Amino acid sequence: MRSRYLVTTAIPGLGLPLLREAGEVTILPEAPDYETLAALCASGDYDVVLTQLRDVIDAPLLARARIRGVSNFAVGYNNIDLDAATTGGVMVANTPGVLTDATADIALLLILGTARRVVEADRLVREGRFKGWAPELMLGSDVSGAVLGLAGFGRIARAVARRAIGFGLEVIFSPRPPGDRPVSNEELGEFAGRVRQVPWDELVKRSDFLSLHVPLTDRTRHLVDAAVLKRMKPEAILINTARGPVVDEAALVQALANGEIAGAGLDVFEDEPRLAVGLADLPNTVLLPHIGSATVAVRNEMARLSALNAIAIAEGRVPAHAVNPQSWT
Ligand code: DGY
């Protein structure tokens, strides 16, 4: 029998041709709601589901599901209950590596864009309010010489560090906030002597730019809350290209409105696509629609990887990017 794939949202590039070559492909005409997706997963009509971040694959859905695996079109997989998948023998795979540089570029863009007020400046020009060069027009803050604090020191954080060093920033990091673990020089590799590990509390207090690079877990949900925002410098800028719920967005709006911190550059939001009340009214923010990985080449590569993961799972092989390979043992 040919493998059967359920694709919740069409993917670009080679993704669909690869799947069609390997089996029967059903692409949903629109993003499914939870009940629809749960019923499709329980139907027994599909071997593998190719999901997007907004597709919630939780324990109740997995308890009813008759599928071999889930191939997530993303590196993050916080939309999937991994423990429940593992217990239920459902293999989960993701797309790591290919979006590292694109996401780091967006983090740098947010650092530069918030520091130099690029959205406000663009709006001023478009709205006909530019009356000519002036000594105090749109003054921002310096990037070179500033302290960049990286919360997390995985692939994307390192790619941000590489860029930031080039821009003359001093880079400090905490590898696993809010906890700690020593990172040896050997593990630092090319960064040994060029970046410095500090405890989470010091990272919060010293950073001119605090950039988040942690996965969303129970430990990192609201890692940046009202108390953390109060400990940041008043001139500091928060950058989030990781996951929205890592920040208490309502507390962030308050902190920005009260001048507790100077600005925020966000590519992700707590309850996407909705924004916390008041966030969009604040001038000292740059807000992007979760486009960290949004380049043509990266999305094509994510599609190829997620299709290959799905095919491997359907054919009973552990995929190259299995998140829970132990689910089949
Ligand atoms: C991911 O892959 O986790 C990003 O958030 C979307 O590309």
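Everything below is about the structure printed above this text.
Below is a summary of the structure that appears in this document. Computed from a prediction, not measured in an experiment: that's the story for all the values here.

Regarding the pairing of strand β11 (residues 263-266)
For step 1, the next point in the chain: Because side chains alternate across β11, one face comprises the buried residues Gly263 and Gly265, and the other comprises Ala264 and Leu266, equally buried.
For step 2, the next point in the chain: By the bridge criterion, 4 bridges tie strand β10 (residues 237-240) to β11 in an arrangement that is parallel. Its bridge partner lying in β11, isoleucine 239 is registered against glycine 265.
For step 3, the next point in the chain: This β-α-β element, β10 to helix α11 (residues 249-257) to β11, shows right-handed connectivity.
For step 4, the next point in the chain: Examined bridge by bridge, β11 and strand β12 (residues 285-287) share 3 bridges and lie parallel to one another. In the sheet register, alanine 264 faces β12, and the bridge partner there is threonine 285.

Remarks on the sheet that holds β10
For step 1, the next point in the chain: A sheet is described by the order of its strands in space; here 7 strands give the open sequence β8-β7-β6-β9-β10-β11-β12, paired in parallel fashion. Strand pairing shows two members of the sheet lacking a second neighbour, β8 (195-197) and β12, which therefore form its edges. The mean inter-strand angle of the sheet, taken between neighbouring strand axes irrespective of direction, is 20°.
For step 2, the next point in the chain: As defined by bridge partners, strand β6 (residues 147-151) adjoins strand β9 (residues 209-212) across 4 bridges and the pair is classed as parallel. Its bridge partner lying in β9, leucine 148 is registered against phenylalanine 209.
For step 3, the next point in the chain: In the packing of helix α5 (residues 100-115) onto the sheet, contacts are made with β6, β9, β10, β11 and β12, and the angle to β10 comes to roughly 155°.

Side note on unusual backbone geometry
For step 1, the next point in the chain: Put simply, proline 177 and proline 178 share a cis peptide bond, and its omega is 5°.
For step 2, the next point in the chain: Mapped onto the elements, proline 178 comes out in the loop between β7 (170-174) and α8 (185-188).
For step 3, the next point in the chain: Residue proline 273 is bonded to the preceding glutamate 272 through a cis peptide linkage, with omega at 5°.
For step 4, the next point in the chain: Positionally, proline 273 belongs in the loop between β11 and β12.
For step 5, the next point in the chain: At arginine 117, a residue that is not glycine, the phi angle is positive and equals roughly 55°.
For step 6, the next point in the chain: In this fold, arginine 117 is placed in the loop between α5 and α6 (118-126).
For step 7, the next point in the chain: When its relative accessible area of 26% is taken as the criterion, arginine 117 is described as partly exposed.

Some words on the packing of α5 against helix α7 (residues 155-166)
For step 1, the next point in the chain: Across the interface, α5 lies against α7 with an axial gap of 8 Å and an inter-helix angle of 55°. Put simply, α5 runs oblique to α7. As α5 runs across α7, the sense of the crossing is right-handed. Mapping the contact onto sequence places Thr100, Asp101, Thr103, Ala104, Asp105, Ala107 and Leu108 in α5 and Arg155, Ile156, Ala159, Val160, Arg163 and Ala164 in α7.

Reading the values: the criteria
- Residues numbered from 1 in each chain as written.
- Predicted model: local features only at pLDDT ≥ 70, side-chain atom pairs only at ≥ 80, totals over all residues.
- Heavy atoms only, no water.
- Buried < 20%, exposed > 50% of the residue type's maximum accessible area, 1.4 Å probe, protein only.
- Helix = DSSP H or I, 4+ residues; strand = E, 2+ residues; numbered from the N terminus.
- Pairing = 2+ DSSP bridges.
- Right-handed = clockwise from strand over helix to strand, strands pointing away.
- Axes fitted to C-alpha atoms, helices over the stretch in contact; angles between N-to-C directions.
- Contact = heavy atoms within 4.5 Å.
- Parallel < 35°, antiparallel > 145°, perpendicular 65-115°, else oblique.
- Left-handed = near helix turned anticlockwise from the far one by under 90°.

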